[in-house]
Amino acid sequence: MPEHDQSLDALRRRLAADVAPVRPLRPARWLAAALAVFALAGVTYFGAYYALGFRADRPALGPFGFWGLSALQMAVALALLGLALRESVPGRRPSLALLWTGVGVGLVAHIGIFAATYRLSPVETPMKADVGGLALYCFLYEMKLGLPVLVLALWLASRGLATRPTRLAVLVGVGAALAGDALWRLVCPLSDPDHILRAHTPSLLAAGGVALLITWGWDRLRLARS
């Protein structure tokens, strides 16, 4: 028997010996629903914790400008996380055009919502304020709010078969950061573009970077084990 035929037979025997029943992966919509419940629990906790510390211009923003815009941004965030979970389900992966369209919509929603907030209540950074310190404070809190969502989304996605970890990481990073941003804008008292671009927008980029690092390490570990 030729040597390559023997190698194929050996490979078939190894694969046959490795076959074991596994738990079927739940549909992406159920995974997205789990994320939505987690996000709702986070909103409830956040509301209880910061009930006395909401932004001072809440009356000027009105119900839509305060709650409505954050709810809209949270919905966009959950849609991106749902796309990320679909990316991890074999046979149900969205197209590349849909993925990048989703990321683009998320970025436009982020900028558009803060532009609408500034139009409704143009609160500028005080002249003598520590601009860098304020930016760092908001950035760290947005990361603190977004990282639990990011880790949960990546864990759910890891139970599938994500063969394109870079795309998955971008979707999860932007989606999680948008969720944290949607919450933190309820507290942050500033709405001027300079502060937003210094503090809030970088959190989207940082969360995407964290997701890329996690997925890169997880992918290398998976390859090493196999």
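Just so it is clear, the structure is predicted and the values come from calculations on it, not from any experiment.

Asker: Would you take a moment to explain the overall build of the chain for this structure?
Answerer: In terms of helices and strands, the chain carries 7 helices and 0 strands. Order of helices (α) and strands (β) in the chain, N terminus to C terminus: α-α-α-α-α-α-α. Taking all 226 residues of the chain together, the buried fraction comes to 40%. In the chain, the share of contacts with a sequence separation of at least 24, taken over all contacts with a separation of at least 6, comes to 85%. Surface exposure of the chain reaches about 12,700 Å², of which carbon and sulfur atoms provide 69%.

Asker: How do you make sense of the environment of valine 187 when you look at a structure like this?
Answerer: Residue placement: valine 187 occurs in the loop between α6 (165-184) and α7 (193-225). A residue is classified by how much of its surface remains accessible, and valine 187, at 11% relative accessible area, is buried. On a C-alpha basis, the gap between valine 187 and phenylalanine 66 in space is 9.9 Å, while along the polypeptide they are 121 residues apart.

Asker: Just to check I follow, could you spell out the pattern of salt bridges for this structure?
Answerer: Between side chains of opposite charge, a pair can form as their charged atoms come close. With the rule as written, the count across this model stands at 2 salt bridges. Between arginine 55 and aspartate 57 there is a salt bridge, and its shortest N-O distance comes to 2.7 Å. With relative accessibility at 3%, the residue arginine 55 sits in the buried group. Given the relative accessible area of 8%, aspartate 57 is considered buried.

Asker: What is the right way to look at the packing of helix α3 (residues 58-87) against α6 in this model?
Answerer: Axes are the key here: two packed helices are described by the angle between their axes and the distance separating the axes. Closest axis-to-axis distance for the α3/α6 pair is 8 Å, and the angle between their directions is 160°. Considering their axes alone, α3 and α6 lie roughly antiparallel with respect to each other. When you trace α3 past α6, the crossing you get is left-handed. Each of Ser70, Gln73, Met74, Val76, Ala77, Leu80, Leu81, Leu83, Ala84 and Glu87 in α3 lies in contact with α6, whose residues at this interface are Leu168, Leu171, Val172, Val174, Gly175, Ala176, Leu178, Ala179, Asp181, Ala182 and Leu183. Grouping the constituent residues of the contact of α3 with α6 by class yields 16 nonpolar, 3 polar and 2 charged.

Calculation notes
Each chain has its residues counted from 1, running along the sequence as written. Owing to the predicted nature of the model, reporting of local features is limited to residues with pLDDT of at least 70; listing and counting of side-chain atom pairs is limited to 80 or more, with chain, interface and lining totals taken over all residues. Side-chain numbers here rest on the full set of heavy atoms in the structure, without hydrogens or water. By definition, any uninterrupted DSSP run of H or I lasting at least four residues is a helix, any uninterrupted run of E lasting at least two residues is a strand, and each is numbered from the N terminus. A simple rule labels every residue: compare its accessible area, found with a 1.4 Å probe on the protein chains alone, to the largest value its type can have, and call it buried under 20%, exposed over 50%, or partly exposed in between. Pairs of residues are marked as contacts when any of their non-hydrogen atoms sit within 4.5 Å. Here the open area of atoms and residues is found with the Shrake-Rupley method and a 1.4 Å probe, where only the protein chains shown may cover a residue. Between Lys or Arg on one side and Asp or Glu on the other, a salt bridge is scored when a side-chain nitrogen of the former is within 4 Å of a carboxyl oxygen of the latter. Axis definition: a line fit to C-alpha positions, over the contact stretch in the case of helices; interaxial angles, taken between N-to-C directions, run 0 to 180 degrees. Our angle categories are set so that under 35 degrees counts as roughly parallel, over 145 as roughly antiparallel, 65 to 115 as roughly perpendicular, and the remainder as oblique. Each crossing gets its hand from how the near helix is turned against the far one by less than a right angle, where anticlockwise is left-handed and clockwise is right-handed. Residues are grouped as follows: Ala, Val, Leu, Ile, Met, Phe, Trp, Tyr, Cys and Pro are nonpolar; Asp, Glu, Lys and Arg are charged; every other residue, Gly included, is polar.

It is worth stressing that arrangement in space is one thing and function is another; only the former is reported here.
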